[in-house]
Amino acid sequence: MNKQVVHTPKVPPARVPLSQAIKAGEWVFASGQLGLDVATAKLVPGGIAAETRQVCENLKSILEAAGSSLDNVVKVTIYMVDLGELTAMNEVFSRYFPVDPPARTTFQCVALVAGARVEIEAIAFV
């Protein structure tokens, strides 16, 4: 099985040693994404809804760079600083996965990098 590093300039580069995604055979493993704006490399303003939208846009760009799409996502893991914001996050998330959403696990965590409210990682097929 071939392992290929996936990178797109449509998503801000990580400041830590990681790949945006790894394509292994017909599978894509996307690293957790934050709501970072590509132009500024800073969190988008507007709270959990704005961050979730940007996270999903970043995942979409990475998956497309790997030859996949959000439609092919089979599993996501969502990390949130405050599960009290779950309803607002779900409203945005459901717009990106309107039919047959992926399997999912959601955790509340103490903190995320850069003061983010939400981080989402994904596994998709090509």
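Parameters at a glance
- Residues numbered from 1 in each chain as written.
- Predicted model: local features only at pLDDT ≥ 70, side-chain atom pairs only at ≥ 80, totals over all residues.
- Heavy atoms only, no water.
- Pairing = 2+ DSSP bridges.
- Helix = DSSP H or I, 4+ residues; strand = E, 2+ residues; numbered from the N terminus.
- Axes fitted to C-alpha atoms, helices over the stretch in contact; angles between N-to-C directions.
- Core = buried A, V, L, I, M, F, W, Y, C linked by side-chain atoms within 4.5 Å.
- Buried < 20%, exposed > 50% of the residue type's maximum accessible area, 1.4 Å probe, protein only.
- Contact = heavy atoms within 4.5 Å.
- Salt bridge = Lys/Arg side-chain N within 4 Å of Asp/Glu carboxyl O.
- Parallel < 35°, antiparallel > 145°, perpendicular 65-115°, else oblique.
- Left-handed = near helix turned anticlockwise from the far one by under 90°.
- Nonpolar A, V, L, I, M, F, W, Y, C, P; charged D, E, K, R; others polar.
- Arc of directions from axis to C-beta.
- Patch = residues over 30% accessible without salt bridge, like charges linked within 9 Å, V, L, I, M, F, W, Y side chains within 5 Å.
- Areas by Shrake-Rupley, 256 points an atom, 1.4 Å probe, with all protein chains shown as cover.

**Brief notes about the sheet that holds strand E4 (residues 73–80)**
In space, the 6 strands of this open sheet follow the order E1-E2-E3-E6-E4-E5, with mixed pairing throughout. Since the sheet does not close on itself, it has two edges, and those belong to strand E1 (3–6) and strand E5 (103–108), each with one partner. Strand-to-strand twist of the sheet, defined as the mean angle between neighbouring strand axes without regard to direction, takes the value 15 degrees. Taken together, the 7 bridges between E4 and strand E6 (residues 118–125) define a ladder with antiparallel strand orientation. Paired with Tyr-79 across the bridge in E6 is Glu-119.

**Remarks on the pairing of E6**
Here strand E3 (residues 27–33) pairs with E6 via 5 bridges, running antiparallel. Directly across from Ala-30, in E6, lies its bridge partner Ala-122.

**A look at the nonpolar core**
Counting 26 residues, the largest nonpolar core has Val-73, Ile-78, Phe-93, Val-118 and Ile-120 as the members making the most contacts within it. When residues of this core are traced back to their parent elements, those giving at least two are E3, helix H1 (47–65), E4, helix H2 (86–96) and E6. The greatest single-element share of this core, amounting to 6 residues, is contributed by H1. Once residues within four sequence positions are removed from consideration, Ile-120 is found in contact with Ser-31, Gly-32, Gln-33, Val-55, Leu-59, Val-76, Thr-77, Ile-78 and Phe-93. Leu-34, Cys-109, Leu-112 and Ala-116 belong to the second largest nonpolar core, which has 6 residues in total.

**Digging into the pattern of salt bridges**
One pass over the full model with this rule turns up 1 salt bridge. Arg-117 is the partner of Glu-85 in a salt bridge, and the nearest nitrogen-oxygen pair spans 3.1 Å. With Glu-85 in the loop between E4 and H2 and Arg-117 in the loop between E5 and E6, this pair connects stretches of sequence that are 32 residues apart.

**Regarding the packing of H1 against H2**
Taken N-terminus to C-terminus, the directions of H1 and H2 make an angle of 30 degrees; their axes are 8 Å apart at the nearest point. By the angle between their axes, H1 is roughly parallel relative to H2. In this structure, H1 crosses over H2, and the sense of that crossing is right-handed. Residues Ile-48, Ala-49, Thr-52, Arg-53, Cys-56 and Glu-57 of H1 form the contact with H2, whose own contacting residues are Ala-88, Met-89, Val-92, Phe-93 and Tyr-96. Each residue belonging to the contact of H1 with H2 can be placed in one class, and the counts come to 8 nonpolar, 1 polar and 2 charged.

**Here's the deal with H2**
Every buried residue of H2 is accounted for by Met-89, Val-92, Phe-93 and Tyr-96. The buried residues of H2 occupy one face: seen down the axis, they fall within an arc of 100 degrees. The outward face of H2, more than 90 degrees from its buried face, is lined by the exposed residues Thr-87 and Arg-95. Among the structural elements, H1, E4, E5 and E6 are those in contact with the buried residues of H2.

**Points about a nonpolar patch on the surface**
Taken together, Trp-27, Phe-29, Val-74 and Phe-125 make up a surface patch of nonpolar side chains, about 340 Å² in accessible area. Positionally, Phe-29 belongs in strand E3.

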